[in-house]
Amino acid sequence: MGHSSEEKTASWCMISMDGSKIKVKIKHIGRGKFKVVNDEREGKYSDSIVDASDVIHCL
């Protein structure tokens, strides 16, 4: 299965969401916002938009 070009330019990061830490692959979309393109929870958070303040660190 091939990866989309969006996922190729994204980075794996730990974010804080719903009161827990989640490993997600995010892509910067501008103005301190990131789009989740993949996650470790079977896509539960895919296509979510997160703020830069939610990003704990990138791996």
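Relevant structure appears above.
Predicted model only: the values in this text are computed from it and were never measured.

Colleague: I'd love a proper account of the packing of aromatic side chains, names of residues and values included.
Modeller: Under the definition given, this model contains zero aromatic pairs. Its guanidinium or amino end placed over the ring of Trp-12, Lys-23 lies 5.4 Å from that ring's centre, counting from NZ or CZ.

Colleague: A description of the pattern of salt bridges should follow, citing residues and the corresponding values.
Modeller: Counting across every chain of the model gives two salt bridges. Between Asp-51 and Lys-33 there is a salt bridge; the shortest N-O distance is 3.1 Å. With Asp-51 in strand β4 (residues 49–51) and Lys-33 in strand β3 (residues 33–39), this residue pair connects regions lying 18 residues apart in the sequence. Taking the relative accessible area as the measure of exposure, Lys-33 reaches 34% and is therefore partly exposed. Across the salt bridge formed by Asp-47 and Lys-35, the nearest N and O atoms sit 3.7 Å from each other. Taken together, the residues Asp-47 in the loop between β3 and β4 and Lys-35 in strand β3 connect sequence positions twelve residues apart. According to the relative accessible area criterion, Asp-47 is exposed, its value standing at 56%.

Colleague: How would you summarise unusual backbone geometry if you had to cite specific residues and measurements?
Modeller: One non-glycine residue, Glu-42, adopts positive backbone phi at about 55 degrees. Mapped onto the fold, Glu-42 is located in the loop between β3 and β4. Notably, Asp-47 is not glycine yet its phi reads approximately 75 degrees, a positive angle.

Colleague: Tell me about the nonpolar core, and name the residues and values.
Modeller: One finds Cys-13, Ile-15, Met-17, Ile-22, Val-24, Ile-26, Phe-34, Val-36, Tyr-45 and Val-50 forming the largest nonpolar core, which totals ten residues. Broken down by secondary-structure element, the contributors of at least two residues to this core are β1 (11–17), β2 (20–30) and β3. Excluding residues that lie within four positions of it along the chain, Met-17 makes contacts with Ile-22, Tyr-45, Ser-48 and Val-50.

Colleague: Tell me about the environment of Lys-23, residues and numbers included.
Modeller: Examined against the element boundaries, Lys-23 turns out to sit in strand β2. In this view, Lys-23 contacts Trp-12, Cys-13, Met-14, Asp-39, Glu-40 and Leu-59; residues no more than four positions away in its chain are not counted.

Calculation notes
Residues numbered from 1 in each chain as written. Predicted model: local features only at pLDDT ≥ 70, side-chain atom pairs only at ≥ 80, totals over all residues. Heavy atoms only, no water. Phe/Tyr/Trp six-rings, centres within 6.5 Å; stacked < 30°, edge-to-face > 60°. Lys NZ or Arg CZ within 6 Å of the ring centre and 35° of its normal. Salt bridge = Lys/Arg side-chain N within 4 Å of Asp/Glu carboxyl O. Helix = DSSP H or I, 4+ residues; strand = E, 2+ residues; numbered from the N terminus. Buried < 20%, exposed > 50% of the residue type's maximum accessible area, 1.4 Å probe, protein only. Core = buried A, V, L, I, M, F, W, Y, C linked by side-chain atoms within 4.5 Å. Contact = heavy atoms within 4.5 Å.

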